[in-house]
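# Geometric and topological summary
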Amino acid sequence: MKALVFNGPRDIQYETFPDPSLATDNSVILKVERCSICGSDLHMYHGENLGKASYSGGVTPFCVGHEFTGEIVEVGSQVHRFRVGQQVLASGGAPCGKCKNCLSGHAQRCAGWTAFGLSGAMNGGQAEFVNVPMADLTLQPIPEGVTVEHSILLTDAMCTAYFGLTRTNLEPGDVVAVVGLGPIGLIGVELAFTLGASEVFAIDPVSHRRGHARALGATALDPSEALPVIMDKTLGAGVPRVFEASGSKDAVALAIKVAGAGSTASFVGLPQPDVQLPMLKVLYKDITIRAGVASVIDQWPHLIPLLQHGRLKAEGLFSHTMALSEGAEAYRMFDRREDNVLKIMMTV
Ligand SMILES: [Zn+2]
Ligand SMILES: [Zn+2]
């Protein structure tokens, strides 16, 4: 088959890779139809180590990509919910499905959880075919009334946004700040209003991203003006619910600055290697810190009805559609943020 293959930092190529075969009885083989590139893929692209993965030393080539949808073409004997021919979307990774964390709805805390396409531990779905283990748990039939774009966003970005935003303990009437307006932050802005926020301050240095947030009803701010404007508008109190969706050093620092006394700040951005929390400020301001990787599977029941009822639209987030064969160029362009790129969908 053809796939996007990681050969080393900044060396992702469209090339021939062995076809997958059923890895376990609970696996399916998916014929991938669409996939997308995520901000977390860029950490790998740069050669920054993620979790247990190391990219800087010698790497055995693997297929990249953890956001994909497609059609089931082969089913293991222990798969009960799915059949050949079904259209499905996949969660960004697979848990063990048996431990206490998995069984209590916190699959991402599973010690055995493995991401697709971020290391040689499990090949990803920016490929013509991919093996998906624990299929009964990790796959979701494409829901009725949900667009192609939504299906891809449900593999990670939308779930990460919902997970991160709700962990601010947002209540109707609250003021919210969203720091970092990539696709996850922008979905967070829309979700904040859906969940009852009275005002959303949306912060990012890139003007077209602020424009997107403004169109959703947010007060969009450049980082340089965010602190004085927010302090003025909140009469010096700061923001009670802060959602950080960037992971950059500046974004994390600003999230703590705009957070008010007694606030909750929730972090989902994969941190740059040199990010630190200013603990003295956290302590003096009595900020409750939440940080985590979304359990994608566990967000679907919340998000799918919102999409089906039109309460969450998540529109205009895919700025580019390219073919999988153009994947090397897609990564290069996404990394350099050329052409106002927000998110890239690839068709297989
Ligand atoms: Zn992702
Ligand atoms: Zn587990």
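These numbers were taken from a predicted model, which means no experiment stands behind them.

For the rest of this paragraph, the subject is the overall build of the chain. In terms of helices and strands, the chain carries 12 helices and 18 strands. Taken over C-alpha atoms, the radius of gyration comes to 20 Å for the chain, in line with the 20 Å a tight globule of 348 residues would show. Principal-axis analysis of the C-alpha atoms gives the chain an extent of 60 × 35 × 35 Å. A burial count over the chain gives 48% of its 348 residues as buried. Counted over contacts in the chain with a minimum sequence separation of 6, partners at least 24 positions apart contribute 70%.

Before going further, it helps to examine helix α9 (residues 249–258). For α9, the buried fraction is high: 7 of the 10 residues fall into the buried class. Every buried residue of α9 is listed here: A251, V252, L254, A255, I256, K257 and V258. Among the structural elements, β11 (175–179), β12 (199–203), α8 (223–233), β14 (239–244), β15 (259–267) and α10 (279–284) are those in contact with the buried residues of α9.

Membership of the largest hydrophobic core comes to 106 residues, with the highest contact counts inside it found for V178 and A202. For this core, the element with the highest residue contribution is helix α5 (residues 157–166), accounting for 7 residues. Each of two domains, domain 1 (2–156 + 295–347) and domain 2 (159–291), supplies a minimum of three residues to this core. Ignoring sequence-local partners within four residues, the contact set of V178 consists of G185, G188, V189, A192, V200, A202, I203, F243 and A245.

The rules behind the values
- Residues numbered from 1 in each chain as written.
- Chains lettered and ligands numbered in written order.
- Predicted model: local features only at pLDDT ≥ 70, side-chain atom pairs only at ≥ 80, totals over all residues.
- Helix = DSSP H or I, 4+ residues; strand = E, 2+ residues; numbered from the N terminus.
- Rg over C-alpha atoms; globule rule 2.2 N^0.38 Å.
- Buried ≥ 20, exposed ≤ 12 C-beta atoms within 10 Å, placed from the backbone.
- Contact = placed C-beta atoms within 7 Å.
- Core = buried A, V, L, I, M, F, W, Y, C linked by C-beta atoms within 7 Å.
- Domains from an automatic or database assignment.

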